Amino acid sequence: MAAATPASPQGSGAPDIVVGPLDLAARVDEALAVQALAFGLGQDEIDVRRHIVLRHLDHPQARALGATSADGRLVGFVYGLPNSRTHWWSTVVEPYLRATGSDDWLDDSFVITELHVHPEFQQRGIGRSLITTITDAVDQPRSILSAIDTESPARGLYRALGYRDLARQVLFPSAPRPYAVMGAPLPLRRG
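Residues numbered from 1 in each chain as written. Predicted model: local features only at pLDDT ≥ 70, side-chain atom pairs only at ≥ 80, totals over all residues. Heavy atoms only, no water.

1. Notes on the overall build of the chain
Regarding its fold elements, the chain presents 5 helices and 8 strands. Taken from the N to the C terminus, the helices and strands of the chain come in the order β-β-α-α-β-β-α-β-α-β-α-β-β. A compact globule built from 191 residues would reach a C-alpha radius of gyration of about 16 Å, and the chain, at 16 Å, matches this within 12%. Here the chain holds 191 residues, and the buried ones make up 47% of them. Sequence-distant contacts, at least 24 apart, represent 65% of the contacts inside the chain between residues at least 6 apart. As displayed, the chain has an accessible area near 9300 Å², and 53% of this comes from carbon and sulfur atoms. For the chain, the distance from the average site of its 18 positive side-chain charges to the average site of its 21 negative ones is 5 Å. (Helix = DSSP H or I, 4+ residues; strand = E, 2+ residues; numbered from the N terminus. Rg over C-alpha atoms; globule rule 2.2 N^0.38 Å. Buried < 20%, exposed > 50% of the residue type's maximum accessible area, 1.4 Å probe, protein only. Contact = heavy atoms within 4.5 Å. Areas by Shrake-Rupley, 256 points an atom, 1.4 Å probe, with all protein chains shown as cover. Lys, Arg positive; Asp, Glu negative; His and termini not counted. Charge placed at Lys NZ, Arg CZ, Asp CG, Glu CD.)

2. Considerations on the confidence of the model for the chain
Per-residue pLDDT for the chain has a mean of 93; in total, 93% of the residues score no lower than 70. Here residues 8-12 is modelled with pLDDT under 50, and outside its nearest four sequence neighbours on either side it reaches 7 contacts, counting other chains as well. (pLDDT = per-residue confidence, 0-100.)

3. Thoughts on the layout of surface pockets
A volume near 1700 Å³ is recorded for the largest pocket. Lining the largest pocket are 50 residues; nearest its centre among them are Phe 39, Glu 114, His 116, Ser 146 and Tyr 179. Among the secondary structure elements, those contributing two or more residues to the lining of the largest pocket are helix H1 (28-39), helix H2 (43-56), strand E4 (74-82), helix H3 (88-99), strand E5 (109-117), helix H4 (126-136), strand E6 (142-148) and helix H5 (153-160). Ranked by residues supplied to the lining of the largest pocket, first place goes to E5 with 7 residues. (1 Å grid on protein atoms, 1.4 Å probe; cavity = no way out; pocket = protein on both sides within 12 Å on 5 of 7 lines; lining within 4 Å. Points joined across faces, edges and corners; volume = space filled by probe spheres on them.)

4. A few points about the pairing of strand E3 (residues 63-68)
With 5 of its 6 residues buried, E3 lies for the most part within the structure. Summarising the sheet, strand E2 (residues 18-21) and E3 pair through 4 bridges and their orientation is antiparallel. Each residue of the ladder has a partner; that of Val 18, found in E3, is Thr 68. Hairpin remark: E3 followed by E4, antiparallel, with 5 residues in the connecting loop; positive phi at Gly 72, about 85°. (Pairing = 2+ DSSP bridges.)

Structure (C-alpha cells):
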C-alpha cells in the first residue's frame with residue numbers, strides 16, 4: 001500500500017488530513033457512518049452495506065485508503081478491487097455498457113467501489129487525494145466506477161480526473177435513482 005500522504009499537497013484546504021492505508025474491516029462502522037452522512041443512508045441500508053464491504057475485502061487485491069484528521073477521526077475513505085465480470089455490479093452494468101459499445105471496460109479495470117468524504121470535509125481535495133492515491137497503486141490500465149446520474153460535485157471531480165460517461169441511466173435493484181458508469185485511463189489526470 002501507498003505511504004500516508006497529506007491530502008492537500010497543493011494547498012487544497014485540508015493540511016491536517018492524512019491519506020493512507022486503512023484497515024477497512026476494523027473500521028467498517030466508522031467508514032459506513034461517513035458514507036451514511038455523505039450519501040443519506042438509513043440504518044437498514046448501512047447494515048446491508050456492512051456485509052457487502054466485508055465480503056469485498058475478502059478479495060486478495062482489494063485496497064482501502066482512509067483520510068484521517070490529526071486526532072485520528074476517519075473523515076473519508078475509498079476502496080476498490082480489480083473488476084470481474086462475475087461480480088454483481090458488473091452483471092448489472094454490463095447490458096448498459098454493451099448498449100453503448102463500452103462493455104470492454106469491464107475487463108482489466110480497477111473498480112472504485114466506494115468513495116465518500118464526511119460532508120464537513122468536502123470540497124477540500126480529500127476525495128481527489130483518496131482516488132488518485134488508490135489508483136496510482138494498481139496494476140490495471142484503467143478505472144471504472146458508478147455515481148448517481150446527476151450533475152454533482154462528485155461527477156465534476158471524476159470528469160476533472162479524466163473519467164467519462166460510459167453509460168447513463170443505469171438502474172440498480174432497490175436504488176431510488178439512476179446511476180452513470182464512468183471510466184478513465186490510468187494514471188488519472190492531474191491539475
